[in-house]
Amino acid sequence: MFIDSATIHVQAGAGGHGIVAFRRERFLPKGGPAGGDGGAGGDVIVAVDPQLGTLRDLHYKRHYKARRGGHGSGSNKHGANGESATIRVPPGTMVKDHATGELLADLVSDGDRVIVARGGTGGFGNAHFKSARNRSPQDATDGQPAEERQISLQLKLLADVGLVGLPNAGKSTLLAALSAARPKIADYPFTTLEPHLGIVKYGNYKSLVMADIPGLIAGASQGKGLGLQFLQHIERTRLLLYLIDAVDPETVAEQLQTLQGELADYSPFLLDREALVVLTKRDIWLEEPNITALTENGHRVVFISAVTGEGLDELLAIVAAALADTEAALPTPADGELG
Ligand SMILES: Nc1nc2c(ncn2[C@@H]2O[C@H](COP(=O)(O)OP(=O)(O)OP(=O)(O)O)[C@@H](O)[C@H]2O)c(=O)[nH]1
Ligand SMILES: [Mg+2]
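Residues numbered from 1 in each chain as written. Chains lettered and ligands numbered in written order. Predicted model: local features only at pLDDT ≥ 70, side-chain atom pairs only at ≥ 80, totals over all residues. Heavy atoms only, no water.

### Some details on the overall build of the protein
1) Next: Of regular secondary structure, the protein possesses five helices and 14 strands.
2) Next: Since a compact globule built from 339 residues should have a radius of gyration of about 20 Å, the 29 Å found for the protein marks it as more spread out than a globular shape.
3) Next: With the C-alpha coordinates of the protein rotated into their principal frame, the extents come out at 105 × 45 × 30 Å.
4) Next: The proportion of buried residues among the 339 residues of the protein is 49%. (Helix = DSSP H or I, 4+ residues; strand = E, 2+ residues; numbered from the N terminus. Rg over C-alpha atoms; globule rule 2.2 N^0.38 Å. Buried < 20%, exposed > 50% of the residue type's maximum accessible area, 1.4 Å probe, protein only.)

Okay, structure coming up:
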């Protein structure tokens, strides 16, 4: 199951208390203060695990708690620090405070982490308060309470290239032809029910990440078909490929309009994204489509057949050149199915 959002409860550990104690030695009835400090409570941390592709685990476990700090003890013993709790998430996870909506972190690469609930500091034992004026302090302080809150997490896949198209346009077939990913392919609409990533190798040891998402239909923005829920996964791609089945050449301009209309309803920014138009299934065309209507707004148009491989080298060369003009590739989870 592909799960790309979750709301969880996080609770850090409280600080341990400091204590009041005095040294006891054999011939000294009353030794100096020896109450140790409390240990710090553990934090709750959210960290990237590049092996993960979904937030599924968080769907099953919704409460995360770090350990509290140990209390101080006699002979100046410091309480142990409480163990932190780490929540692992895939690259591309945005972390927000659930109540305020404040963005706490956008965790992109391996090593990225954020403390979402801070453990309390430990209290001071009476040894801490010893001074020239007060050689036998009777005071100790309690540890600080721990932070606790609800956080919401949302995964927005990180990929270089996003495939958009109507159902059956050939998106998954293209991903399968170019990468080791094996998404399900079939001649009925909505074969793909969840996003897939594939690593596409090209040139000399270069690679890019391509995201295949479920098909869009007219009215998706009103919730038709699978709706727009998967468009968040192409928000962070650098290049969009509009895949258009050109077996019926009369429909190509309208298909592009439908796709762009739905994208615009989701976020007008998506229309400013660098994009190519890819006409698919060339091996079964009866005639070449007229592409003037497609190139009007400046898009390049490429003809391919993912079945015979025709046009794929040219497509990759154009994609590579377009990406070279934008920033470096973002890190990604493993090839293939995400969940
Ligand atoms: N002849 C031919 N058939 C193709 C080509 N590309 C895809 N198909 C066929 O078109 C149908 C749909 O292909 P998919 O790759 O599943 O389409 P999709 O865009 O992923 O569809 P959804 O996941 O439903 O949105 C399948 O029967 C494919 O075999 C092609 O280049 N040539
Ligand atoms: Mg598909």
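Picking up where we left off.
### As for the packing of helix H2 (residues 171-178) against helix H5 (residues 312-324)
1) Next: Contact pair H2 / H5: the axes reach a minimum separation of 12 Å and the direction vectors enclose 85°. With respect to each other, H2 and H5 are oriented roughly perpendicular. On H5, the residues touching Leu174, Ala177 and Leu178 of H2 are Leu312, Leu315 and Leu316.
2) Next: When its residues are assigned to classes, the contact of H2 with H5 shows six nonpolar, no polar and no charged. (Axes fitted to C-alpha atoms, helices over the stretch in contact; angles between N-to-C directions. Parallel < 35°, antiparallel > 145°, perpendicular 65-115°, else oblique. Contact = heavy atoms within 4.5 Å. Nonpolar A, V, L, I, M, F, W, Y, C, P; charged D, E, K, R; others polar.)

### Considerations on the coordination of the magnesium ion (ligand 2)
1) Next: For the magnesium ion (ligand 2), the full set of protein donor atoms is Ser172 (OG) and Thr192 (OG1), and the range of their distances to it is 2.0 to 2.1 Å. Linking Ser172 in helix H2 with Thr192 in the loop between H2 and strand S10 (196-202), this pair joins segments that are 20 residues apart in sequence.
2) Next: For Ser172, a relative accessible area of 8% puts it in the buried group. (Donors = N, O, S within 2.8 Å, 3.2 Å for Na, K, Ca; no water.)

### Considering the domain arrangement of the protein
1) Next: By the assigned domains, the protein splits into domain 1 (1-155) and domain 2 (161-324).
2) Next: Measuring from the centre of the C-alpha atoms in domain 1 to the corresponding centre in domain 2 gives 47 Å.
3) Next: Each partner contributes residues to the interface: domain 1 has nine residues there, and domain 2 has six residues.
4) Next: Summed over both partners, the interface of domain 1 with domain 2 comes to about 550 Å²; 39% of that surface belongs to carbon and sulfur atoms.
5) Next: Across the contact surface, domain 1 and domain 2 share one salt bridge.
6) Next: The set of elements that each furnish at least two residues to the side of domain 1 that touches domain 2 consists of strand S5 (93-97) and strand S8 (148-155).
7) Next: For the side of domain 1 that touches domain 2, a count of residues per class yields four nonpolar, three polar and two charged. (Domains from an automatic or database assignment. Buried area = accessible area lost by both parts, 1.4 Å probe. Salt bridge = Lys/Arg side-chain N within 4 Å of Asp/Glu carboxyl O.)

### Section: the site of ligand 1
1) Next: Neighbouring residues of ligand 1: 23 residues in total, closest Lys171, Thr173, Phe190, Thr192 and Asp283.
2) Next: At a separation of 2.7 Å, a nitrogen atom of ligand 1 approaches a polar side-chain atom of Asp283.
3) Next: Here an oxygen atom of ligand 1 and a backbone polar atom of Ala306 are 3.0 Å apart.
4) Next: Across the shell around ligand 1, the residue classes tally to eleven nonpolar, eight polar and four charged. (Near = heavy atom within 4 Å. Polar contact = N/O pair within 3.5 Å; in protein donor to acceptor, adjacent residues only side chain to side chain.)

### Things to note about unusual backbone geometry
1) Next: Positive phi, normally seen in glycine, also occurs at Asn76, with a value near 60°.
2) Next: Turning to its location among the elements, Asn76 is positioned in the loop between strand S3 (63-65) and strand S4 (85-89).
3) Next: Judged by its relative accessible area of 43%, Asn76 falls in the partly exposed class.
4) Next: Positive phi values are uncommon outside glycine, yet Asn168 reaches one of about 75°.
5) Next: Tracing the sequence through the fold places Asn168 in the loop between strand S9 (161-165) and H2.
6) Next: For Asn168, a relative accessible area of 29% puts it in the partly exposed group.

### Topic: the nonpolar core
1) Next: Core analysis: the biggest nonpolar cluster contains 54 residues, and Val46 and Leu279 have the highest contact counts within it.
2) Next: Element by element, the count of residues in this core is highest for helix H3 (residues 252-266), at four residues.
3) Next: Summarising the domain contributions, this core has at least three residues from each of domain 1 (1-155) and domain 2 (161-324).
4) Next: Setting aside chain neighbours within four positions, we find Val46 in contact with Ile87, Val89, Val95, Leu107, Asp112, Arg113, Val114, Val116, Ile151 and Leu153.
5) Next: In terms of nonpolar packing, the next biggest core, distinct from the first, is built from 26 residues, Leu178, Leu239, Leu241 and Leu315 among them. (Core = buried A, V, L, I, M, F, W, Y, C linked by side-chain atoms within 4.5 Å.)

### So, the sheet that holds S3
1) Next: The sheet built from five strands is open, its strands ordered S3-S1-S8-S5-S6 with mixed pairing. Two strands bound the open sheet, and with one partner strand each, they are S3 and strand S6 (103-107). Strand-to-strand twist across the sheet, computed as the mean angle between neighbouring axes with direction ignored, equals 25°.
2) Next: Where strand S1 (residues 5-11) lies against S3, three bridges are found, and the strand directions are parallel. Paired with Val10 across the bridge in S3 is Tyr64. (Pairing = 2+ DSSP bridges.)

### Things to note about the sheet that holds strand S2 (residues 44-48)
1) Next: A sheet is described by the order of its strands in space; here three strands give the open sequence S4-S2-S7, paired in mixed fashion. Bordering the open sheet on either side are S4 and strand S7 (113-117), each of which pairs with just one other strand. Taking the axes of each pair of neighbouring strands and ignoring which way they run, one obtains an average angle of 25° across the sheet.
2) Next: Pairing geometry for S2 and S7, over four bridges, is antiparallel.

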